[in-house]
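Here's the letter readout for the chains.
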There are 2 protein chains.
Amino acid sequence: MELLKTLPAKEVIYSFSTLNPPVLHIRPGDTVAIETYDCFKNQIQSADQEVAAIDWNEINPATGPIFIEGAEYGDLLKVTIDELEIGTQGVMVTGPELGVMGHRLEQMESKIIPIKDGKAIFNERLHLPLNPMIGVIGVAPEGKPVSCGTPGPHGGNMDTKLITKGATLYFPVFTEGALFALGDFHAAMGDGEVSVSGIEVPGRATVTFDVIKGKHSKFPILQNSDGFAMLVSAMTLDEAVKTAVEETIDLLLPYTDMSVSEITMLMSAAGETQISQVVDPLVTVRFFVPQHVLDSLDIQLFS
Amino acid sequence: MELLKTLPAKEVIYSFSTLNPPVLHIRPGDTVAIETYDCFKNQIQSADQEVAAIDWNEINPATGPIFIEGAEYGDLLKVTIDELEIGTQGVMVTGPELGVMGHRLEQMESKIIPIKDGKAIFNERLHLPLNPMIGVIGVAPEGKPVSCGTPGPHGGNMDTKLITKGATLYFPVFTEGALFALGDFHAAMGDGEVSVSGIEVPGRATVTFDVIKGKHSKFPILQNSDGFAMLVSAMTLDEAVKTAVEETIDLLLPYTDMSVSEITMLMSAAGETQISQVVDPLVTVRFFVPQHVLDSLDIQLFS
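Here, residues in each chain are numbered from 1, in the same order as that chain's written sequence. Here chains are named by letter from A upward and ligands by number from 1 upward, in the order in which they appear as written. Restriction of local features to residues with pLDDT of at least 70 applies here, the model being predicted, together with a cutoff of 80 or more for giving and counting side-chain atom pairs; totals for whole chains, interfaces and linings are based on all residues. Side-chain metrics in this entry use all non-hydrogen atoms of the structure; hydrogen atoms and water are not considered.

Chain A goes by Acetamidase/formamidase family protein in an unreviewed UniProt entry, where it is assigned to Planococcus shenhongbingii.

Shown next, in the form of structure tokens:
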């Protein structure tokens, strides 16, 4: 029996790039345990700490990159999240110019949030349910490096709460080996991430990789037991929604004998436009298609 | 025992306006059964009908207005949806310039969708689950009349799928009697309403009215057993999201001893930005706060 490969958190990148040298080579079918710092590289550990004084060059580290053998430009990288473990202490931050309420805030503030008995202890009264998720996940993009704080067709900082245990993601591959990395776990986050941070935690994800030849997508796609979602990031929510709906319809059309008009009606009756985050350099939305629609039409994506 | 008051569908308005003469006077605490046409005023009844040939002046009728005694400028009108019954046949429409896919469509098309055994029969294979909802619901706005096809602070065409049986809505009152009306039921619709129509059906809603003196909101608020949502319509999704989050925080602040910074973090961890529709003259979003947060903070809105 082969021991599980583990990638330690110290193998950090701050941008997704074809230029990053891989720190691990694996084969399709391999499973890797990937450890991560929180999005502040674990720099904020106590309530009395001066937030502004941390090193802001060490923000949004991702662990990687991992070179997946056989992955080439034009393929899809399939990534299944088998396990997602989070640390025992989270932190939130907000301040001027950050998030939706930045114009109402006068100073940077942080808040330490213990994770205990399956809850995030926001304060004595508020014990919030956990929804552990991965904020940053993706592959090397086409063209120039992209900061790990920014989302795009390569994935990156999509801050999508559906990216959790049991989910499978499909990323377009832009370079040999794909160069996969992930980080920025949240113990809990609501759609939007309106303050600019979720409950930021270090952690460890166990993921299994596969390469799908001969299939393509312009944007990352997420699949879980409820259905699938097209994940699109853009300058505005309005633009992202339009692109996500059209890409979804173009993905589904070849699997059906429906006209564009008919499938548009179906998506209006049963598909869901949803917001992932509104606070990063590009915002992220998803268009979700429920599994019962796929089952009724006998559609198995990418198979 | 007083018989339930019934308002027939023929009492239509095509705009919300302080100038519309009331067709029914009621008192706080009264319950009214309100019948409605579908959004095409039931003009499309069969698959072979020429959609473009219908009378497009008779679109988005709402039934009303109802004058609620004691409701004055600055109050809140509380509307609880006790029952929501829908007809046995729905219709969807899409075409050029309509909805998210309008640029890909060459002609107006309609589709008749029977409602049978608790499902919407989209075609032989696709029997979709129902989520009956009210698309148009509101009061007379401040200032000029607003078409029933447009949403705003007065409510109107918010196309929000949470507006269903069991929900309570709070509308700002802008004129004496509030002048309430509703219409545009959908047998099913996904968030976004991306084609420009849900599964449009006639129906009958049973609603109970109350007037809340001395409380105010700039925008309609929806409450159900899961929590509450601030419903904001604007030119863009991005603008609507920002307004919805800030209005929600300003609504909650007086109920708590939290700072703006702390409640912003709480809303980031537990609040949800959601899309209602992206296809009307203004788009509509909602910011949703789960009931467990209200319970933990002992908050009972408007009580």
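Chemist: What's the story with the interface of chain B and chain A in this structure? I'm lost.
Modeler: Many authors give the size of an interface as the accessible area that is lost as the parts come together. Any two residues whose heavy atoms approach within 4.5 Å are treated as being in contact. Across the contact, 63 residues belong to chain B and 63 residues belong to chain A. Between chain B and chain A, a total of about 5,100 Å² is buried, with carbon and sulfur atoms accounting for 63% of that surface. When a carboxyl oxygen of Asp or Glu is within 4 Å of a side-chain nitrogen of Lys or Arg, the pair counts as a salt bridge. Connecting chain B to chain A are ten salt bridges. Across the salt bridge formed by A:D250 and B:R104, the nearest N and O atoms sit 2.7 Å from each other. A 3.5 Å cut-off defines polar contacts: any pair of N or O atoms within that distance qualifies, except that in protein one atom must be a possible hydrogen donor and the other a possible acceptor, and neighbouring residues in sequence count only when both atoms are side-chain atoms. Scanning the region where chain B abuts chain A turns up 30 residue pairs in polar contact (both at pLDDT 80 or more). Counting residues per element, the ones that place at least two in the side of chain B that touches chain A are β8 (89-94), β9 (109-116), β11 (127-129), α1 (237-252), α2 (260-270), β22 (272-277), β23 (283-290) and α3 (291-296) of chain B. If one sorts the elements of the side of chain B that touches chain A by residue count, α2(B) sits on top with ten residues. Each residue is assigned to one of three groups, with Ala, Val, Leu, Ile, Met, Phe, Trp, Tyr, Cys and Pro labelled nonpolar, Asp, Glu, Lys and Arg labelled charged, and all others, Gly among them, labelled polar. Looking at the side of chain B that touches chain A, its residues break down into 32 nonpolar, 17 polar and 14 charged. Buried area adds together the accessible area that both of two parts lose upon being put together, with accessible area traced by a 1.4 Å probe. Helix numbers and strand numbers start at the N terminus; a helix is a DSSP run of H or I with at least 4 residues, a strand a run of E with at least 2.

Chemist: Help me understand the relation of the copies chain B and chain A, please; the structure alone is not making it clear to me.
Modeler: Put simply, the second copy of the chain is the first one after a rotation about an axis and a shift along it. Superposing the copies works by least squares over the C-alpha atoms of residues that have pLDDT at least 70 in both of them. With an RMSD of 0.0 Å, chain B superimposes on chain A once it is rotated by 180° and translated 0.0 Å along the axis. Classification of the inter-copy transformation places it as that of a two-fold axis. A share of 100% of interface residues in chain B that are also interface residues in chain A marks the association as one of identical surfaces.

Chemist: Whenever I open this one, the side chain of A:T168 confuses me. Can you help?
Modeler: Residue and element names in this part refer to chain A. The residue T168 is located in strand β16 (residues 168-172) in this model. Accessibility here uses a 1.4 Å probe with only protein chains present; expressed as a share of the type maximum, an area under 20% marks a residue as buried, one over 50% as exposed, and anything in between as partly exposed. Judged by its relative accessible area of 11%, T168 falls in the buried class. Side-chain polar atoms of T168 contact the side chain of T80, separated by 3.1 Å. Ignoring any residue separated from it by four or fewer positions in sequence, one finds T168 in contact with K78, V79, T80, I221, L222 and Q223.

Chemist: Got a minute to help me understand the environment of A:F40 in this structure?
Modeler: Residues and elements named next belong to chain A. Here F40 lies in the loop between β5 (31-36) and β6 (62-68). Along the backbone, F40 and L252 are 212 residues apart, and their C-alpha atoms lie at a distance of 39 Å. If near-sequence neighbours (up to four positions away) are discounted, F40 is found in contact with I54, W56, E58, I59, V91, V93 and E200.

Chemist: Help me understand the pairing of strand β20 (residues 221-224) of chain A, please; the structure alone is not making it clear to me.
Modeler: In summary, the side chains of a regular strand alternate between the two faces of the sheet. Residue and element names in this part refer to chain A. Burial along β20 is two-sided: I221 and Q223 facing one way and L222 and N224 facing the other are all buried. The criterion for strand pairing is that DSSP finds at least two bridges linking the strands in question. Bridge analysis of β16 against β20 gives three bridges, and the strand direction is antiparallel. If you follow Y170 over to β20, its bridge partner there is I221. Direction of pairing for β20 relative to strand β21 (residues 227-234): antiparallel, over a ladder of four bridges. Across the sheet, N224 pairs through a bridge with G227, a residue of β21. What sits between the antiparallel neighbours β20 and β21 is a turn of two residues.

Chemist: How do you make sense of the domain arrangement of chain A when you look at a structure like this?
Modeler: All names here are of chain A. Annotation comment: domain bounds sourced from an automatic or database domain assignment. In terms of domains, chain A is made up of domain 1 (5-217) and domain 2 (222-296). Taken together, the contact between domain 1 and domain 2 spans 25 residues of the former and 16 residues of the latter. Buried area between domain 1 and domain 2, both sides added, is near 1,600 Å², and the carbon and sulfur share of it is 58%. On inspection of domain 1 and its partner domain 2, the count reaches one salt bridge. Across the pair R286 and D191 runs a salt bridge, and its minimum N-O distance is 3.0 Å.

Chemist: It is not clear to me how α2(B) should be interpreted in this structure. Could you clarify?
Modeler: Structurally, the α-helix is built with 3.6 residues per turn, so residues lying three or four positions apart point the same way. Counting buried residues in α2(B) gives ten out of eleven residues, a clear majority hidden from the surface. Residues of α2(B) that are buried: B:V260, B:S261, B:I263, B:T264, B:M265, B:L266, B:M267, B:S268, B:A269 and B:A270.

Chemist: Got a minute to help me understand the packing of aromatic side chains in this structure?
Modeler: What characterises a pair of aromatic rings is the spacing of the ring centres plus the angle enclosed by the ring planes. Two rings belonging to Phe, Tyr or Trp (six-membered ring only in the last case) form a pair when the distance between their centres is within 6.5 Å. Interplanar angles under 30 degrees mark stacking, angles over 60 mark edge-to-face geometry, and anything in between is tilted. Considering all chains together, one arrives at eight aromatic pairs over all chains under this definition. Seen in terms of ring centroids, B:F180 and B:F209 are 4.9 Å apart; in terms of plane orientation they differ by 80°. Their pairing is edge-to-face. Separated by 29 residues along the polypeptide, B:F180 in strand β17 (residues 180-186) and B:F209 in strand β19 (residues 203-212) bring together distant segments of the chain. Judged on exposure class, the residue B:F180 and its partner B:F209 are both buried. Among the aromatic residues, ring-to-ring pairing joins A:F171, A:F180 and A:F209 into one connected group. Only lysine NZ and arginine CZ atoms are considered, and such an atom sits over a ring when it is within 6 Å of the ring centre and within 35 degrees of the ring normal. Here the guanidinium or amino end of B:K111 rests over the ring plane of B:F122, the centre of that ring lying 4.7 Å away.

Chemist: Help me understand the environment of B:D280 in this model?
Modeler: All names here are of chain B. Here D280 shows up in the loop between β22 and β23. In this structure D280 comes out as buried when scored by relative accessible area, which is 12%. Along the chain, D280 and D159 lie 121 residues apart, while their C-alpha atoms are 8.8 Å from each other. A distance of 3.3 Å separates the side chain of D280 from the side chain of N157, its partner in a polar contact.

Chemist: Can you walk me through unusual backbone geometry in this structure?
Modeler: A negative phi angle characterises most non-glycine residues, just as the trans form characterises most peptide bonds. All names here are of chain A. In this chain, G64 is followed by P65 through a cis amide linkage whose omega measures 0°. By the element assignment, P65 lies in strand β6. If you check the backbone angles, D298 has positive phi at about 55° while not being a glycine. You can see D298 is positioned in the segment after α3 (291-296).

Chemist: Before we go on, may I ask you to explain the pairing of β19(B) in this structure?
Modeler: Residues and elements named next belong to chain B. Here β19 lies mainly inside the structure; seven of its ten residues are buried. As judged from the six bridges shared by strand β5 (residues 31-36) and β19, these two strands associate in the antiparallel manner. Along β19, the bridge assignment pairs V32 with V207. Here strand β7 (residues 76-86) pairs with β19 via ten bridges, running antiparallel. In the strand pairing of β19, K78 is matched with D210.

Chemist: What am I meant to see in the pattern of salt bridges here?
Modeler: Pairing between side chains of opposite charge can happen when the charged atoms of each approach one another. Across all of its chains, the model carries 34 salt bridges over all chains by this definition. The residue A:E69 makes a salt bridge to A:R27 at a minimum N-O spacing of 4.0 Å. One end of the pair, A:E69, is in the loop between β6 and β7 (76-86); the other, A:R27, is in the loop between β4 (24-26) and β5, and 42 residues separate them in sequence. Judged by relative accessible area, which is 36%, A:E69 ranks as partly exposed. Residue A:R27 is classed as exposed on the basis of its relative accessible area, which comes to 56%. Ionic pairing is found between B:K213 and B:E72, a salt bridge with its closest N-O pair at 2.9 Å. Within this pair, whereas B:K213 is found in the loop between β19 and β20 (221-224), its partner B:E72 is found in the loop between β6 (62-68) and β7, the two being separated by 141 residues in sequence. For B:K213, a relative accessible area of 45% translates into the label partly exposed. In this structure, a network of salt bridges that share partners links the residues A:K161, A:D191, A:R286 and B:E272.

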